[in-house]
Amino acid sequence: QVQLVESGGGLVQAGGSLRLSCAASGSIRSIWIMGWYRQAPGNQRELVATITGGYSTNYADSAKGRFTISRDNAKNTVYLEMNSLKPEDTAVYYCSARMIMGGDYWGQGTQVTVSS
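Residues numbered from 1 in each chain as written. Predicted model: local features only at pLDDT ≥ 70, side-chain atom pairs only at ≥ 80, totals over all residues. Heavy atoms only, no water.

*Asks:* Just to check I follow, could you spell out the state of the cysteines for this structure?
*Replies:* A covalent bond between the sulfur atoms of two cysteines is what we call a disulfide. Enumeration over the complete set of coordinates arrives at one disulfide. Covalent S-S linkage joins cysteine 22 and cysteine 95, the inter-sulfur distance amounting to 2.0 Å. One quick way to see it: the torsion about the S-S bond of cysteine 22 and cysteine 95 is about -80°, and its sign makes the bridge left-handed. With cysteine 22 in strand S3 (residues 18–26) and cysteine 95 in strand S9 (residues 91–99), this residue pair connects regions lying 73 residues apart in the sequence. (Disulfide = S-S within 2.5 Å. Helix = DSSP H or I, 4+ residues; strand = E, 2+ residues; numbered from the N terminus.)

Structure (structure tokens):
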């Protein structure tokens, strides 16, 4: 079992920045990939970025060049640095952990609202 707790969401003006954090606890050694997803009202949950234990990253096209995912293994924490935010980035952002033996865990989500 893995527990994920997100923080760092909030209200920001367009062009601003936010940093999301996701603290993981539990069976940390069994995590393969960690990532950030988001879901806007009326939309499906979509990938934002992922990072493996070997620090390989993958980004959605909408995040490339503006968002950076990173991880601090000593703190069991994954970050999402978001710059040049746009109103269309408004969503609930979820942290995820994909396990080596299969299965996914999700955090409770943190709201990001970008005003125009």
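From this point on, the discussion continues.
*Asks:* Explain the packing of aromatic side chains to me, please; I cannot follow it from the model alone.
*Replies:* Two aromatic rings are characterised by how far apart their centres lie and by the angle between their planes. Per the stated rule, a full pass over the model turns up one aromatic pair. Look at tyrosine 37 and tryptophan 106: their rings are 5.1 Å apart centre to centre, the planes differ by 70°, and that puts the pair in the edge-to-face class. A residue pair is termed long-range when its members are at least 10 positions apart, and tyrosine 37 in strand S4 (residues 31–39) and tryptophan 106 in strand S10 (residues 104–106) qualify at 69 residues. Look at tryptophan 106 and you get partly exposed, because its relative accessible area is 37%. The ring of tryptophan 106 has arginine 45 sitting right over it, with the charged end atom 4.6 Å from the ring centre. (Phe/Tyr/Trp six-rings, centres within 6.5 Å; stacked < 30°, edge-to-face > 60°. Buried < 20%, exposed > 50% of the residue type's maximum accessible area, 1.4 Å probe, protein only. Lys NZ or Arg CZ within 6 Å of the ring centre and 35° of its normal.)

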